Amino acid sequence: MSPPCHTSALLLVFVALAVAGAEQSEERSCDVVGDESSESQMERALLKKLEPLSHMRFNVTVDKDKTEKYIYQFRVCREVNSTSHDFGGLVQTDRQSGKTTVIGRINETQVFNGSDWIMLIYKGGDSYGRHCSGEKRRAVIMISCKRGVTASSFSIISEEREKEQECFYLFEMDSSVACPAENSHLSVGSILLITFVSLIAVYIIGGFLYQRLIVGAKGMEQIPHFAFWQDLGNLVADGCDFVCRSKPRNAPATYRGVGDDQLGEESEERDDHLLPM
């Protein structure tokens, strides 16, 4: 093989390895049951809403009795073990035997929500043996709203396997991603307060500029309507005196002093009878 052909072959090998590595490094995500064209906007929006949880792993250990001890591993729209390529989104491991059972797969996902919860369902798990007519397992994960918490309290609630069909494993967890958007609208009182403060600011700044630049005022006289604000304290005092007065203005006082005008004129002969004859 000539040197140019040898170089081209090596280049193709490197490109192929790079593409394969990129495909392996990119983790698979949830695929809603049905054709891609049949996915609703609501399902796409909910899967997008769950994306912040995709990098997290959740584990819970369950000891049913001495013979049944399991570890459940769960990821949101990602494979628990990406190297196995089994699409397992929720996996059960027997602690004694080490046997692994896929409870639900991310390539058969259903998702819907309520006002403060999201229900994530993984179908297509490994088939039951003696239970549920041998149908495939299914995992149901209830994600409830809890503000301020990215994710917590992952636990298994129950396993329904006594029915003939539609058996399932039920799990629950708390997360803020299931919470509705907070109402950020301002109240009427807030709007009125902001409007009032804005008007006061416009009045003060505009009046100051007018007094300084147009009228040519200096010092305290630059304050708009300075004379009014200066006399405001007296006006308020007069108003309080008028409103809070408990007696009418023309009511006579309880005690009146005796003035000189009430004594009258003294008689000039008032002491005449005391003079000696």
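Residues numbered from 1 in each chain as written. Predicted model: local features only at pLDDT ≥ 70, side-chain atom pairs only at ≥ 80, totals over all residues. Heavy atoms only, no water.

**A closer look at helix 2 (residues 41-49)**
Right, so step 1: Residues of helix 2 that are buried include every one of Glu43, Leu46 and Leu47, and no others. Along the axis of helix 2, the buried positions cluster into a sector of 100°, meaning they face one direction only. Away from the buried face of helix 2 by more than 90 degrees, exposed residues Gln41 and Lys48 are located.
Right, so step 2: Where the residues of helix 2 are buried, they touch strand 4 (100-113) and strand 5 (117-124). (Buried < 20%, exposed > 50% of the residue type's maximum accessible area, 1.4 Å probe, protein only. Helix = DSSP H or I, 4+ residues; strand = E, 2+ residues; numbered from the N terminus. Arc of directions from axis to C-beta. Contact = heavy atoms within 4.5 Å.)

**Comments concerning the UniProt feature "transmembrane region" (unreviewed entry) in the protein chain**
Right, so step 1: UniProt records the feature "transmembrane region" (unreviewed entry) for residues 186-210 in the present numbering.
Right, so step 2: End C-alpha atoms of residues 186-210 are separated by 33 Å, and the span's content is 92% helix alongside 0% strand. (UniProt positions renumbered as here; feature names shortened; annotations may be inferred.)

**Here we look at the state of the cysteines**
Right, so step 1: Under the definition given, this model contains three disulfides.
Right, so step 2: Covalent S-S linkage joins cysteine 132 and cysteine 167, the inter-sulfur distance amounting to 1.8 Å. Across the S-S bond of cysteine 132 and cysteine 167 the torsion is about -100°, and the bridge reads as left-handed. Taken together, the positions of cysteine 132 in the loop between strand 5 and strand 6 (139-145) and cysteine 167 in the loop between strand 7 (152-160) and strand 8 (168-175) put the pair 35 residues apart, joining distant regions of the chain. (Disulfide = S-S within 2.5 Å.)

**Some words on a nonpolar patch on the surface**
Right, so step 1: The grouping of Leu193, Phe196, Val197, Ile200, Ile204, Ile205, Phe208, Leu209, Tyr210, Leu213, Ile214 and Val215 at the surface amounts to a nonpolar patch, some 1,200 Å² of accessible area in total.
Right, so step 2: Inspection of the secondary structure puts leucine 213 in helix 3 (residues 188-215).
Right, so step 3: By relative accessible area, leucine 213 is classed as exposed at 63%. (Patch = residues over 30% accessible without salt bridge, like charges linked within 9 Å, V, L, I, M, F, W, Y side chains within 5 Å. Areas by Shrake-Rupley, 256 points an atom, 1.4 Å probe, with all protein chains shown as cover. Salt bridge = Lys/Arg side-chain N within 4 Å of Asp/Glu carboxyl O.)

**Here we look at the nonpolar core**
One broad trend across soluble globular proteins is that nonpolar side chains are buried collectively.
Right, so step 1: With 34 residues, the main nonpolar core has Leu50, Phe74, Leu90, Tyr122 and Ile141 as its most contacted residues.
Right, so step 2: Elements represented by at least two residues in this core include exactly helix 2, strand 1 (57-63), strand 2 (69-75), strand 4, strand 5, strand 6 and strand 8.
Right, so step 3: Here phenylalanine 74 is in contact with Met56, Arg57, Phe58, Val80, Gly89, Leu90, Leu120, Tyr122, Ile141, Phe154 and Met173, once residues within four sequence places are set aside. (Core = buried A, V, L, I, M, F, W, Y, C linked by side-chain atoms within 4.5 Å.)

**Let's talk about helix 4 (residues 226-244)**
Right, so step 1: Its 19 residues give helix 4 an end-to-end C-alpha distance of 28 Å, which sits within 8% of 27 Å, the value for a rise of 1.5 Å per residue.
Right, so step 2: Maximum bend of helix 4: about 45°, positioned at leucine 232. (Expected span 1.5 Å × (residues − 1). Bend = angle between axes of the 7 residues up to and from the residue.)

**Quick look at the packing of aromatic side chains**
Right, so step 1: A full pass over the atoms with the stated rule returns 10 aromatic pairs.
Right, so step 2: With 6.3 Å between their ring centres and 55° between their planes, tyrosine 70 and tyrosine 72 make a pair best called tilted.
Right, so step 3: Taken together, the ring pairs connect Phe58, Tyr70, Tyr72, Phe74, Tyr122, Tyr128, Phe154, Tyr169 and Phe171 into an aromatic cluster.
Right, so step 4: The ring of tyrosine 128 carries the charged tip of arginine 137 above its face, separated from the ring centre by 4.6 Å. (Phe/Tyr/Trp six-rings, centres within 6.5 Å; stacked < 30°, edge-to-face > 60°. Lys NZ or Arg CZ within 6 Å of the ring centre and 35° of its normal.)

**What about the pattern of salt bridges?**
Right, so step 1: According to the stated counting rule, one finds eight salt bridges in the structure shown.
Right, so step 2: One salt bridge connects glutamate 27 with arginine 78, and the closest N-O pair in it is separated by 4.0 Å. Of this pair, glutamate 27 sits in the loop between helix 1 (3-25) and helix 2 while arginine 78 sits in the loop between strand 2 and strand 3 (88-94), placing them 51 residues apart in sequence.
Right, so step 3: You can call glutamate 27 partly exposed: its relative accessible area is 34%.
Right, so step 4: Ionic pairing is found between glutamate 51 and arginine 78, a salt bridge with its closest N-O pair at 3.5 Å. With a gap of 27 residues between them, glutamate 51 in the loop between helix 2 and strand 1 and arginine 78 in the loop between strand 2 and strand 3 connect regions that are remote in the sequence.

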